[in-house]
Amino acid sequence: MLSIKNLHVSIEGKPILRGLNLEVKPGEIHAIMGPNGSGKSTLAHVLSGREGYQIDSGSAIYKNLNLLEMAPEIRAREGIFLAFQYPIEIPGVNNTSFLKKALNEIRKHRGEEELDAIDFLSLIKKQMKLVEMNEDLLRRPVNQGFSGGEKKRNEILQMAVLNPELAILDETDSGLDIDALRIVASGVNKLRTESNAYVVITHYQRLLDHIIPDFVHVLSKGQIIKSGTKELALELEERGYDWLLEKSESPS
Amino acid sequence: MTEVSTNFKDCIQDQIHSGDDTDFALSPELRSSSLAILNEGIFPTRKDEEWRYTPLKDILGRKFEFISNDKLNPDLLVEHKKVVPDAQHIVFINGEYSAEFSDDLTQQANAGLAIKLMTDLDPTDRQKAENIIQNSKLSDNSIFQHIALGLSQSGLFIDATNDTEIAKPLHLLFLSSTAGSTSFSNPVNIIHIGQNSSLKIVEQFVSAQDAQAVTIPADYIHLNKGSSLDFYKLGLESEGTDHISNTAVELSESAELNMHQYLLGSRLTRSNSEITFVEPGAQAKLCGIFLGNKSQHLDIRTYMDHAQPNCTSDQSFRGIMNDRSRGVFNGMVLVREHAQNTDAHQSNKNLLLSRDARIDTKPQLEIFADDVKCTHGATIGELDEDALFYLQSRGISKVDAALMLTHAFASEITQEIQIDSLREYVQHKIANRLRHIQTTNA
Ligand SMILES: Nc1ncnc2c1ncn2[C@@H]1O[C@H](COP(=O)(O)OP(=O)(O)OP(=O)(O)O)[C@@H](O)[C@H]1O
Ligand SMILES: [Mg+2]
């Protein structure tokens, strides 16, 4: 589904991703862990098409499409979804009408009929239950004045409505209380199918108790320095990153 | 109007010498000082601080010439009236009152509201109306006010009695048509609201397509004790129009003004509003949107005179400038020495949608009292890149995302419009204008 090969990305001349490789197949859940500043969010942004990143070399092929050449909205319509580490507040844009517009753009792209207000409302009501979100938040401007946890739930609600094929969750667990964490995780588990995949960026093993990853990768200084199964996350929890970092310092 | 091609200054001179005293809206006594100023014929230049950002070259160079023999399509008026369907409609065409298209003035559509033609006032009404003008001294005493005062041959005296809530809005439609020559209109409207009464007025300036016009209206408004006015001004004239308006409002004790301006039209728009608190305890809320594209020039000036204590003013204006358009916001809040316990706020936020667009904003605060709460601020910015990306990352195209954000920026003002049909119309007009902006940019 997604194949990243030897990806080098820099910001204003400063290399951030330095030869990153990643293969994601349908139905898989990949966890990406790694120290602050190692390039996790950069990877998420590059995959979703944010401007300001210089692609120096390498490729990212998604469903046979050259991802890095596509406009962000086309990537979204092709099924990529990024749950932001820091969701943006958008004053004056109503949360519901925003999401309806987004869904209908995606449906149009897929050749499906647009949903009218009534059908959309019943869909959104159903998905709200999944994330146990307060209905008031639908009537408010997108994320404006939402608490940290409410913003994260709103991201997952959007994911549930837009039904992506490849979802990238960037620290969706940060800022969530323990109940919210469980709710978000069970939402993800319910949305999980054999044909969609998740890349879950997190600092905490805790989330991976609920969302069981097939693979765990450690990103450091713009490279994946270690990949393993869910046991790797437990080991990291116990030992931290130092033992890995030391190893990667030595020439490979 | 004659059909000879002539320029703006000649056009003024022609009008000084046309008509008898009885043809004019105001009495010879009141007109005389304006005529003196008109005879001097001095127009503001960019050396005048209040006109610094608004050059008059184009309007002064304008030719007044024959356009066409087209008849006005009455459907046009039917459409415009729908903007406020449940209203008393009064129509001016090329500056002249149109009995044909207006609701009958003699049949009082609203109990307690008398509406009379300025050219048709009895001495008592004339005294009452002209007193209001005489009491208003505009700080921008440029020649344009006098083009209306000295030369107007049309306009209304709108008089609301005491203790009455006037239910139906008054919808004043000023239409420039393509019939005949370049249209020149300078109506003077005088509005008097009796104690504890309330009134809603919508002034809508529109054009038949491609009309060439100069519109120089002036409104003088007096709110008596405890009265209130909701006043909406819509500037939607054609690209062939120059529009320079003055509005003076005086508020007596505990009176309340809500004034909205939506300026989307004309080649040049200059809208000057001056509010004076003549008694304590009154409040004024001013807000508006000015939205320019192509090479439109939109200039909003406000002058808030806190001459009395315990008054509140709140101003919020937003500019959206595209293409090569220019916007000017020039807002003065003056708090005089004995105006204690004044609460005055002013904000001007602007969005530049193109590199060639420009905005000059000049918020000013002069405070001579010591017990006051005043804030003011202005910002000029572009669309938020993070918000654009967020919307795009959900499948919304960049153009649509920009549209949504710009519309959101405007709707924080338009959502305050209290007449449902009008709010929808203004929002729709803004959306349309933005759609045009986006597609021409894409
Ligand atoms: N716009 C930018 N300009 C300059 N440097 C940037 C910019 N964005 C990111 N960086 C740098 O790129 C590096 C990687 O940042 P990134 O946000 O991808 O880290 P991260 O792994 O997500 O960290 P965290 O765990 O703290 O979220 C950091 O050193 C950061 O300072
Ligand atoms: Mg990050």
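Now for a quick tour of the structure.

**Quick word on the site of ligand 1**
Residues and elements named next belong to chain A.
And step 1. Around ligand 1, the structure places 14 residues, and the nearest of them are G37, K40, S41, T42 and H203.
And step 2. Contact between ligand 1 and G37: an oxygen atom at 2.9 Å from a main-chain N or O atom of the residue.
And step 3. Between ligand 1 and G39 there is a distance of 3.0 Å, counted from an oxygen atom to a backbone nitrogen or oxygen.
And step 4. Protein contacts shield 64% of the accessible area of ligand 1, which totals 640 Å² for the unbound molecule.
And step 5. If you tally residues by element for the shell around ligand 1, the top one is helix 1 (residues 40–48), at 3 residues.
And step 6. When its residues are assigned to classes, the shell around ligand 1 shows 3 nonpolar, 8 polar and 3 charged.

**Notes on the interface of chain B and chain A**
And step 1. With 19 residues of chain B in contact, the opposing surface of chain A contributes 30 residues.
And step 2. For the pairing of chain B and chain A, the buried interface totals around 1900 Å² over both sides, and the portion due to carbon and sulfur atoms is 64%.
And step 3. The largest contributions to the chain B side of the interface with chain A come from F389, Y390 and R394 of chain B, which together make up 40% of the buried area.
And step 4. Linking chain B with chain A are 4 salt bridges.
And step 5. The salt bridge partner of K398 of chain B is E51 of chain A, with a shortest N-O separation of 3.4 Å.

**Concerning the nonpolar core**
And step 1. Counting 113 residues, the largest nonpolar core has I4, L7, I90, F98, L157 and M159 of chain A together with L422 of chain B as the members making the most contacts within it.
And step 2. Ranked by residues supplied to this core, first place goes to helix 8 (residues 398–414) of chain B with 9 residues.
And step 3. Counting contributing residues, this core receives three or more from each of domain 1 (3–279) and domain 2 (386–442) of chain B.
And step 4. Excluding its chain neighbours within four sequence positions, the residues that come into contact with I90 of chain A are P141 and V142 of chain A together with A387, Y390, L391 and L405 of chain B.
And step 5. One finds F92, V249, M304 and A357 of chain B within the second-largest nonpolar core, a separate group that totals 48 residues.

**Remarks on the coordination of the magnesium ion (ligand 2)**
Residues and elements named next belong to chain A.
And step 1. Summarising the metal site, the magnesium ion (ligand 2) is bound by the protein donors S41 (OG) and Q85 (OE1), whose distances to it range over 2.0 to 2.2 Å. Of this pair, S41 sits in helix 1 while Q85 sits in the loop between strand 6 (80–83) and strand 7 (90–94), and the two are 44 residues apart along the sequence. An identical accessibility class is assigned to S41 and Q85; each is buried.

**Some points on the packing of helix 3 (residues 95–109) of chain A against helix 6 (residues 148–162) of chain A**
Residue and element names in this part refer to chain A.
And step 1. Relative orientation of the contacting elements helix 3 and helix 6 amounts to 35 degrees, with a least axis distance of 10 Å. Seen from above, helix 3 lies across helix 6 with right-handed handedness. Where helix 3 approaches helix 6, its residues N95, F98, L99, A102, L103 and I106 are matched on the opposing element by N154, L157, Q158, V161 and L162.
And step 2. Across the contact of helix 3 with helix 6, the residue classes break down as 8 nonpolar, 3 polar and no charged.

**What about the sheet that holds strand 4 (residues 54–62) of chain A?**
Residues and elements named next belong to chain A.
And step 1. The strand order 2-1-4-5 describes an open sheet built from 4 strands, whose pairing is antiparallel. One side of each edge strand has no neighbouring strand; the edge strands of this open sheet are strand 2 (14–24) and strand 5 (65–66).
And step 2. The pairing of strand 4 with strand 5 spans 2 bridges and is classified as antiparallel. Bridge pairing links Y62 to L65 in strand 5.

**As for the packing of aromatic side chains**
Residue and element names in this part refer to chain B.
And step 1. Inspection of every chain in the model, using the stated rule, returns 13 aromatic pairs over all chains.
And step 2. Aromatic pair F8 and F43: ring centres 5.7 Å apart, planes at 70 degrees, arrangement edge-to-face. On the criterion of sequence distance, the pair formed by F8 in helix 1 (residues 8–16) and F43 in the loop between helix 2 (28–40) and helix 3 (57–60) is long-range, its members being 35 residues apart.
And step 3. A residue is classified by how much of its surface remains accessible, and F8, at 0% relative accessible area, is buried.
And step 4. The exposure class assigned to F43 is buried, which follows from its relative accessible area of 10%.

**So, helix 4 (residues 74–81) of chain B**
Residues spaced three or four apart along an α-helix point in a common direction, a consequence of the helix completing one turn every 3.6 residues.
Residues and elements named next belong to chain B.
And step 1. Regarding helix 4, the residues found buried are L77, H80 and K81. For helix 4, the angular spread of buried residues about the axis comes to 100 degrees, placing them on one side.
And step 2. Between a side-chain oxygen at the N-terminus of helix 4 and the backbone nitrogen of D75 the separation is 3.0 Å; the capping residue is N73.

**Side note on the environment of H171 of chain B**
Residues and elements named next belong to chain B.
And step 1. Summarising the element assignment, H171 is placed in strand 8 (residues 170–176).
And step 2. Residues H171 and Q145, 26 residues apart in the sequence, show an inter-C-alpha distance of 23 Å.
And step 3. Beyond its immediate sequence surroundings of up to four residues, H171 is in contact with H80, K81, V83, V84, A87, Q88, H89, I90, V202 and Q204.
And step 4. For H171, the side chain forms a polar contact with the side chain of Q204, separated by 2.7 Å.

**Side note on the pattern of salt bridges**
And step 1. With the rule as written, the count across this model stands at 38 salt bridges over all chains.
And step 2. Close ionic contact of D136 of chain A with R139 of chain A constitutes a salt bridge, the shortest N to O distance being 3.0 Å. Remark: R139 of chain A and D136 of chain A occur in helix 5 (residues 136–139); sequence separation between them is 3 residues, near one turn of the helix.
And step 3. Accessibility expressed as a relative area gives 41% for D136 of chain A, which makes it partly exposed.
And step 4. For R270 of chain B, the salt bridge identified is with D140 of chain B, shortest N-O distance 2.9 Å.

Cut-offs used in this document
Position numbers for residues count from 1 along each chain, tracking the sequence in the order it is written. Chains carry letters and ligands carry numbers; both start at the beginning, A for chains and 1 for ligands, and go up in the order they are written. Thresholds applied to this predicted model are a pLDDT of at least 70 for local features of residues and 80 or more for the giving and counting of side-chain atom pairs; totals over whole chains, interfaces and linings are not thresholded and use all residues. Side-chain measures were taken over the full set of non-hydrogen atoms in the model, leaving aside hydrogen atoms and water. Definition of nearness: a residue and a molecule or strand are near each other if at least one heavy atom of the residue lies within 4 Å of the molecule or strand. Counted as a polar contact is a pair of N or O atoms within 3.5 Å, where, for protein atoms, one must be capable of donating a hydrogen and the other of accepting one, and residues adjacent in sequence contribute only when both atoms are in side chains. Computed with the Shrake-Rupley method and a 1.4 Å probe, the accessible areas treat only the protein chains shown as cover for residues. The way it works is that DSSP assigns letters per residue, a run of H or I at least four long becomes a helix, a run of E at least two long becomes a strand, and they are numbered from the N terminus. Residues are sorted three ways: Asp, Glu, Lys and Arg are charged, Ala, Val, Leu, Ile, Met, Phe, Trp, Tyr, Cys and Pro are nonpolar, and all the rest, Gly among them, are polar. Any two residues whose heavy atoms approach within 4.5 Å at even a single point are treated as in contact. When two parts are put together, the accessible area they lose, computed with a 1.4 Å probe and summed over both, is reported as buried area. Salt bridge, as used here: a side-chain nitrogen of Lys or Arg that lies within 4 Å of a carboxyl oxygen of Asp or Glu. Throughout, nonpolar core names a set of buried Ala, Val, Leu, Ile, Met, Phe, Trp, Tyr and Cys residues whose side chains join them through atoms within 4.5 Å. Using a 1.4 Å probe on the protein chains alone, a residue whose accessible area is under 20% of its type maximum counts as buried, one over 50% counts as exposed, and one in between counts as partly exposed. For the domain bounds, the source is a domain assignment made automatically or taken from a database. Coordination shells were defined by N, O and S atoms within 2.8 Å of each metal, extended to 3.2 Å for Na, K and Ca; water is absent from the atom set, which can make sites look incomplete. Only the contacting stretch of a helix is used when fitting its axis, a line to C-alpha atoms as for every element, and angles between N-to-C directions run 0 to 180 degrees. A crossing counts as left-handed when the near helix is turned anticlockwise from the far one by less than a right angle, and as right-handed when that turn is clockwise. By this definition, two strands are paired if DSSP reports at least two bridges between them. When two rings of Phe, Tyr or Trp (its six-membered ring) have centres within 6.5 Å they constitute a pair, described as stacked for plane angles under 30 degrees, edge-to-face for angles over 60, and tilted for the intermediate range. Think of it as the arc spanned by the lines of direction from the helix axis to the C-beta atoms.

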